[in-house]
Every structure is written in structure tokens, then in C-alpha cells.
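Below, each chain spelled out in residue letters.
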Amino acid sequence: MSRVFGSMRRMVLAPTLEQVSFAALGFPVTASATTVHLEAIPQAVVCGFEWAIAGPRVAELERRLALVDPERRGFAYEGATMAYTVLDAMAGGSRTRELLDGPGRPHYFLACIGIGFAMARLPRVLWRKVLPDLADNPYHPTMSWLAVDGYGFDKAYFDQATWITGQRRPRPYPWQGRADYFPQAFDQGIGRALWFRHAADPAPVAATVDSFTTARRADLWSGVGLAATFAGGCDSAGFETLRSLAGAYGPHLAQGSVFAAKARTWAGYCPEHTDVAARALTGLSAQAAAELADAAAADADAGGLAYEQWRRVIRERIAQPATVSD
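The following refers to the structure shown. Fair warning: this is a prediction, and the values are worked out from it, not measured in the lab.

In this section: the overall build of the protein chain. The secondary structure content of the protein chain amounts to 17 helices and zero strands. Relative to the globule expectation of 20 Å for 326 residues, the C-alpha radius of gyration of the protein chain, 18 Å, shows essentially globular dimensions. Principal axes of the C-alpha set define a box for the protein chain whose edges measure 60 × 45 × 40 Å. Counting the 326 residues in the protein chain, one finds 57% classified as buried. Considering only residue pairs separated by 6 or more positions, the protein chain has 75% of its internal contacts joining residues 24 or more positions apart. Of the roughly 12,800 Å² that the protein chain leaves accessible, carbon and sulfur atoms contribute 53%. Side chains of the protein chain give 32 positive and 32 negative charges; the mean places of these two sets differ by 8 Å.

With the rule as written, the count across this model stands at 25 aromatic pairs. With 5.1 Å between their ring centres and 75 degrees between their planes, Tyr157 and Phe158 make a pair best called edge-to-face. An aromatic cluster is built from Tyr108, Phe109, Tyr139, Trp145, Tyr181, Phe259, Trp266, Tyr307 and Trp310, whose rings are joined through pairwise contacts. Positioned above the aromatic ring of Phe230 is the side chain of Arg264, whose terminal nitrogen or guanidinium carbon lies 3.9 Å from the ring centre.

The end-to-end C-alpha separation of helix α8 (residues 145–158) is 20 Å, in line with the 20 Å expected for 14 residues at 1.5 Å each. Burial runs high along α8: twelve of the 14 residues are buried. Looking at α8, one finds that the buried residues are Trp145, Leu146, Ala147, Val148, Asp149, Gly150, Tyr151, Gly152, Phe153, Asp154, Ala156 and Tyr157.

Quick look at helix α11 (residues 202–211) now. Regarding α11, the residues found buried are Pro202, Val205, Ala206, Thr208 and Val209. In an axial view of α11, the angular spread of the buried residues amounts to 160 degrees, which keeps them on one side of the axis. Looking at the buried positions of α11, the neighbouring elements they touch are α9 (160–165), α10 (182–197), α12 (214–231) and α13 (236–246).

Below, the discussion takes up the nonpolar core. By size, the foremost hydrophobic cluster in this structure holds 112 residues, and its most contacted members are Met143, Trp175, Trp195, Phe196 and Trp221. The dominant element in this core, judged by the number of residues it contributes, is helix α5 (residues 70–91), at eleven residues. When residues no more than four places from it in sequence are discounted, the contact partners of Trp175 are Met119, Val130, Leu131, Ser144, Trp145, Ala147, Val148 and Phe182.

Turning next to empty space enclosed by the protein. Using the criterion set out here, one finds four cavities of 30 Å³ or more in the structure. Considering only enclosed or pocket space, the largest cavity measures out at about 270 Å³ in volume. Forming the boundary of the largest cavity are 24 residues, of which Pro42, Val45, Glu78, Phe117 and Phe153 lie nearest the centre. Secondary-structure elements contributing two or more residues to the lining of the largest cavity are α3 (33–53), α5, α7 (108–119), α8, α10 and α12. Residue composition of the lining of the largest cavity, grouped by class: 20 nonpolar, no polar and four charged. When its volume is computed, the second largest cavity comes out at roughly 80 Å³. Around the second largest cavity, the lining is made up of 13 residues, and of these Gly74, His107, Leu110, Phe230 and Ala267 lie nearest the centre.

This paragraph deals with the environment of Thr81. With respect to the element layout, Thr81 can be found in helix α5. Its relative accessible area of 0% is what places Thr81 among the buried residues. Here Tyr77 takes part through its backbone oxygen, which lies 2.8 Å from a polar atom of the side chain of Thr81.

Our focus in this paragraph is the side chain of Arg124. Structurally, Arg124 can be placed in the loop between α7 and α8. Buried within the structure, Arg124 lacks any salt-bridge partner; Asp187 is the closest side chain of opposite charge, at an N-O distance of 12 Å. Within the structure, the side chain of Arg124 is placed 2.7 Å from the backbone oxygen of Arg171, a separation counted as a polar contact. From its side chain, Arg124 meets the backbone oxygen of Pro172 in a polar contact 3.1 Å long.

Calculation notes
Residues numbered from 1 in each chain as written. Predicted model: local features only at pLDDT ≥ 70, side-chain atom pairs only at ≥ 80, totals over all residues. Heavy atoms only, no water. Helix = DSSP H or I, 4+ residues; strand = E, 2+ residues; numbered from the N terminus. Rg over C-alpha atoms; globule rule 2.2 N^0.38 Å. Buried < 20%, exposed > 50% of the residue type's maximum accessible area, 1.4 Å probe, protein only. Contact = heavy atoms within 4.5 Å. Areas by Shrake-Rupley, 256 points an atom, 1.4 Å probe, with all protein chains shown as cover. Lys, Arg positive; Asp, Glu negative; His and termini not counted. Charge placed at Lys NZ, Arg CZ, Asp CG, Glu CD. Phe/Tyr/Trp six-rings, centres within 6.5 Å; stacked < 30°, edge-to-face > 60°. Lys NZ or Arg CZ within 6 Å of the ring centre and 35° of its normal. Expected span 1.5 Å × (residues − 1). Arc of directions from axis to C-beta. Core = buried A, V, L, I, M, F, W, Y, C linked by side-chain atoms within 4.5 Å. 1 Å grid on protein atoms, 1.4 Å probe; cavity = no way out; pocket = protein on both sides within 12 Å on 5 of 7 lines; lining within 4 Å. Points joined across faces, edges and corners; volume = space filled by probe spheres on them. Nonpolar A, V, L, I, M, F, W, Y, C, P; charged D, E, K, R; others polar. Polar contact = N/O pair within 3.5 Å; in protein donor to acceptor, adjacent residues only side chain to side chain. Salt bridge = Lys/Arg side-chain N within 4 Å of Asp/Glu carboxyl O.

Given below as C-alpha cells:
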């Protein structure tokens, strides 16, 4: 049994820092200050994973993660959540819940994405074990759809030929009882991956989104908006260009930006690039965008899928001229 467990652990080990580099992955970009900035994000995820996969107590893991600078600390928690999710799914335990009820609580949004990274490395039969019970978290389980987003991001980031060039659709899975919505949340993750694949260059990002069928573009643009606002990578003019290129999908781009602003403010640290992106993509400061997210959640219809209802109300509010102000 221990031999099987050891083999499974090796199977799900995160890639090395070199393996997540844009050059190693063959991304169509040239090395620059922007690529260095963006590559530091998956590198932080890898570090968080490596610190957590040995299964240290939460208090010890928290001390390690505190060494990461505030701008990237959430990404390290993303990797740590991935590791704890893998351990809990394979061997049992409550590491993930303890982390997210404790020091990982401010990083809940990115932690959900980390759960999705774990899903990409676990057989589907174990997916029913990956979501912890977080009864005291106001955004759980609604925002657990970010796990499916994270699953889509992981697939697209490491296998462009299949998921971006080949535009393959994922096999549905009844996440939160809604197998029909699974492909949409997956596409939101692909959209985030495009921001990294093209190193925050709006033109090729837009061109790639446009290469997908019309039915998929709204979710892709939402993912682009989330990644652009959370990760940064270009200046205000670049974000303005991105908004222009989104055209009729502008509200979807803005909705992703609002989610990113909410995630950053919930974590207690909002870098300047998040505010710059939010202003360009939504017309709101990051703080105002986060407040809009909360107001939209309160006004979402009680029926239907709560996550999608929340996204819909944000889009509607952004499209109202009176709302887009600071």
C-alpha cells in the first residue's frame, strides 16, 4: 500500500520551476521584464506546493508561506492548497479544511483554483473528495466553481496543442450538481491561461479568443479579465487596448476583472496594477469593483446557479453607465 501511495505522490508532484517557464512550455513570446513578472506567479505556486506536499502542520506551513512577498503570497497558498488537496484525496485527512479555515482564509479564491490544479492530477473518482466543508466562509461553495476554472487553466497552460490550438472541450462532470455548466467554467480557466501564454499582450490574446467558436468567447473573455487584473503585466494603455479589443464582450471582460478585484481586496493586499486594470476594464477602482461584487451577490436571483447569477448581475451593473464611475 505504501508503494502505491508513493507512486501516486510522485505522479502528482508539481513541475520544476524551469518546467513552468514560458520558454520551456513553448509560449510564443520573447523574454522580457513582463515574462519575468508573469513567470514568478507559477513559480510561487510550485514553491507553495513543494512546501506543503510533505504534509507539515498548518502552523509550520503558514510560517513558510509568510516568506513570500504579499503580491505573490496568494499564489503560494494556491500551490499549498493543491498539495493538501492531493494528500487529503489520496490518504484522507482534513488538511485542506484546516488551511482554508485558518491562514488560507484570505486567499480562498486562489485556493479554489489550487483545488482545480489538484483535480488535474487526480483521477476523477477522487474528485468527490477534493472540496472541504467550509461552512463559515461566505463565498463557499458558490466560488468553488473556481476549482473548475483552475482545472481548465492547468490543462491549457501545460497542453496548448489540445486545449488552445485544438480547442478540445472537456468531458462534463457534475460539479455542484451541474455537469452542464462544467465546460463554461473550464473555458474561464482557458481564458486566464491565454493571458500568460501571450505574456499580457492584448492583440494576440484577443486573436486567440476570436479563433474559438462564438459560443465560447464570453467565458474566455471573463477569464482574460480575471487574469489581467489579478496578475497584471501591462500598463493602463495596454488594458485600455484590451477593453477595446473585447468589443461586445466588454461586460464579460469586466466581470472577470471585478472578481479579481474582489479576490485581491479579500486577501488584504491590492497591488497597483490591480487598481490600474480595474479602472481601465470596469471604470471602477479596485475597491469600488470589490464593493460592486458584494452588492451583486446580494442582488442575485435565489434560483438557478448562484455562481452564474452573480456573474450575470455584475455584467448588468457594469453595463449601466451610472454604475461605471468611481
